[in-house]
Amino acid sequence: MIIIRTFLTTSCSIVIMFLMSKLLGNKQISELNVFDYINGITIGSIAAELAISDKWSEVISTGLAMFIYGITGFTLSLVAVKSIKARRFFAGTPLLLIENGKIYPENLKTAKLDTADLLTRARNSGYFDISQILYAILENNGKISFMPKAVEKPVTLKDLGQKKEDERLSVNVVLDGVVMEGNLKYTGNDIKWLTNEMRKQGYKSPSDIFLGIVDSNNNLTIYPQNEQKNLKNYFD
């Protein structure tokens, strides 16, 4: 009876934890894929419980639970090696966040990321101006890979024997349709300037803009609101 009960409760916990991790998204995971993440934290938790068990029945049930988790993880790893569909289901697939310089807000929502997350990770990768980015891909381990535009690939001025003054930070002046007035002022511009620049690019209202950035040369780069999803997968 103990064996049957432990098998059923452990199997249910595997399903529930997997679904919850998929719901939370890859943002919660640093290096592991979804199932490896679940398996790791669960086996660790069960092992801690096993270490403090004071009854043989508890030792048997927790030991069996660890065995089930271990066998399940091993079996699914083998299945994932043999089947692309299984690998995509259990480990997830890369997700395009930027393609050819175009941001996909709906894909950000799918990944449980917001604009600030994307910009922070871009800066962490050395891109303080996202107009330099050709592709941004959320990998199934939760990291974002960035591919710069060809003209932005690193050839340093030092290598060319030239000098240049450090540039000012690129600043967000429109975020999710809202004008960031303090940031706009920091760039030395005002609402009138922003309105004129928007109209030059065919935008009548900030509400049409997902992200607007002023770079160190005082150029406004606009990424429009976009309801389109891009679910292409070039990587499996």
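As the structure is a prediction and not an experimental result, all values here were calculated from the model. Every chain begins its residue count from 1, and numbering advances along the sequence as written. At least 70 in pLDDT is required for a residue's local features to be given in this predicted model, at least 80 for side-chain atom pairs to be given and counted, and no such filter applies to totals for whole chains, interfaces and linings, which use all residues. Only hydrogens and water are set aside when side-chain values are computed; all heavy atoms of the structure are taken into account.

**Some points on the environment of Tyr-127**
Now for step 1: Note that Tyr-127 resides in the loop between helix H6 (115-124) and strand S3 (133-138).
Now for step 2: Measuring from C-alpha to C-alpha, the distance between Tyr-127 and Pro-148 comes to 8.7 Å, with 21 residues separating the pair along the chain.
Now for step 3: The residues contacting Tyr-127, other than those within four sequence positions of it, are Ala-122, Gln-132, Ile-133, Phe-146 and Pro-148. The secondary structure listing takes helices from DSSP runs of H or I that are at least 4 residues long and strands from runs of E that are at least 2 residues long, numbered from the N terminus. Two residues form a contact once any of their heavy atoms are found within 4.5 Å.

**As for the pairing of strand S8 (residues 220-224)**
Now for step 1: Pairing of strand S7 (residues 209-214) with S8, which is carried by five bridges, proceeds in the antiparallel orientation. Directly across from Gly-212, in S8, lies its bridge partner Ile-222.
Now for step 2: Any two strands with at least two DSSP-identified bridges between them are counted as paired. Counting the residues between successive antiparallel strands, the hairpin from S7 to S8 contains five residues, one of them, Asn-218, with a positive phi of roughly 65°.

**Focus: the sheet that holds S7**
Whenever strands of a sheet pair, they do so through backbone hydrogen bonds, lying parallel or antiparallel.
Now for step 1: Across the sheet, which stays open at both edges, the four strands sit in the order S6-S5-S7-S8 with antiparallel pairing between neighbours. Edge positions in the sheet fall to strand S6 (178-179) and S8, since each of these pairs with one other strand and no more.
Now for step 2: Pairing of strand S5 (residues 171-175) with S7, which is carried by four bridges, proceeds in the antiparallel orientation. Looking across to S7, one finds that Leu-175 is bridged to Leu-211.
Now for step 3: A fitted line through C-alpha atoms serves as each axis, taken over the contacting stretch for helices, and the angle formed by two N-to-C directions is quoted from 0 to 180°. Sheet contacts for helix H8 (residues 191-200): S5, S6, S7 and S8; angle to S8, the most-contacted strand, approximately 65°.

**Some points on the pairing of strand S4 (residues 144-148)**
Now for step 1: By the alternation rule, side chains of S4 split into Ile-144, Phe-146 and Pro-148, which are all buried, and Ser-145 and Met-147, of which none is buried.
Now for step 2: In the sheet, S3 pairs with S4 via five bridges, with the strands oriented antiparallel. Across the sheet, residue Ile-137 finds its bridge partner in S4, namely Ser-145.
Now for step 3: Counted along the chain from S3 to the antiparallel partner S4, the turn is five residues long, and its residue Gly-142 has a positive phi close to 95°. Between buried and exposed lies partly exposed: a residue is buried under 20% and exposed over 50% of the maximum accessible area for its type, with that area taken using a 1.4 Å probe on protein chains only.

**Some details on the sheet that holds S4**
Now for step 1: Spatial ordering of the open sheet is given by S2-S1-S3-S4, a layout of four strands whose pairing is antiparallel. The sheet is open, and its two borders are formed by strand S2 (102-103) and S4, each paired with just one other strand.
Now for step 2: Alignment of strand S1 (residues 95-99) against S3, held across four bridges, turns out to be antiparallel. The partner of Leu-95 across the bridge, within S3, is Leu-138.

**Observations regarding the nonpolar core**
Now for step 1: Buried Ala, Val, Leu, Ile, Met, Phe, Trp, Tyr and Cys residues form a nonpolar core when they are joined through side-chain atoms within 4.5 Å. Counting 21 residues, the largest nonpolar core has Leu-97, Ile-103, Ile-130, Ile-133, Ile-144, Phe-146 and Leu-211 as the members making the most contacts within it.
Now for step 2: At the level of secondary structure, the elements contributing two or more residues to this core comprise S1, H6, S3, S4 and S7.
Now for step 3: Sequence-distant contacts of Ile-144, defined by excluding residues within four places in its chain, comprise Leu-97, Leu-113, Leu-118, Arg-121, Ala-136, Ile-137 and Leu-138.
Now for step 4: Within the second largest apolar cluster, 11 residues are counted, among which are Ile-209, Val-214, Leu-220 and Ile-222.

**What to know about a nonpolar patch on the surface**
Now for step 1: Among the surface-exposed residues, Phe-128, Leu-169 and Tyr-186 lie close enough to one another that they form a single nonpolar patch of about 340 Å² accessible area.
Now for step 2: In this structure, Phe-128 sits in the loop between H6 and S3. Like-charged residues are merged into a patch within 9 Å and nonpolar side chains (Val, Leu, Ile, Met, Phe, Trp, Tyr) within 5 Å, provided each residue has over 30% relative accessible area and no salt bridge. Only the protein chains shown count as cover for residues, and the accessible areas themselves come from Shrake-Rupley with a 1.4 Å probe. We define a salt bridge as a contact between a side-chain nitrogen of Lys or Arg and a carboxyl oxygen of Asp or Glu at a distance within 4 Å.

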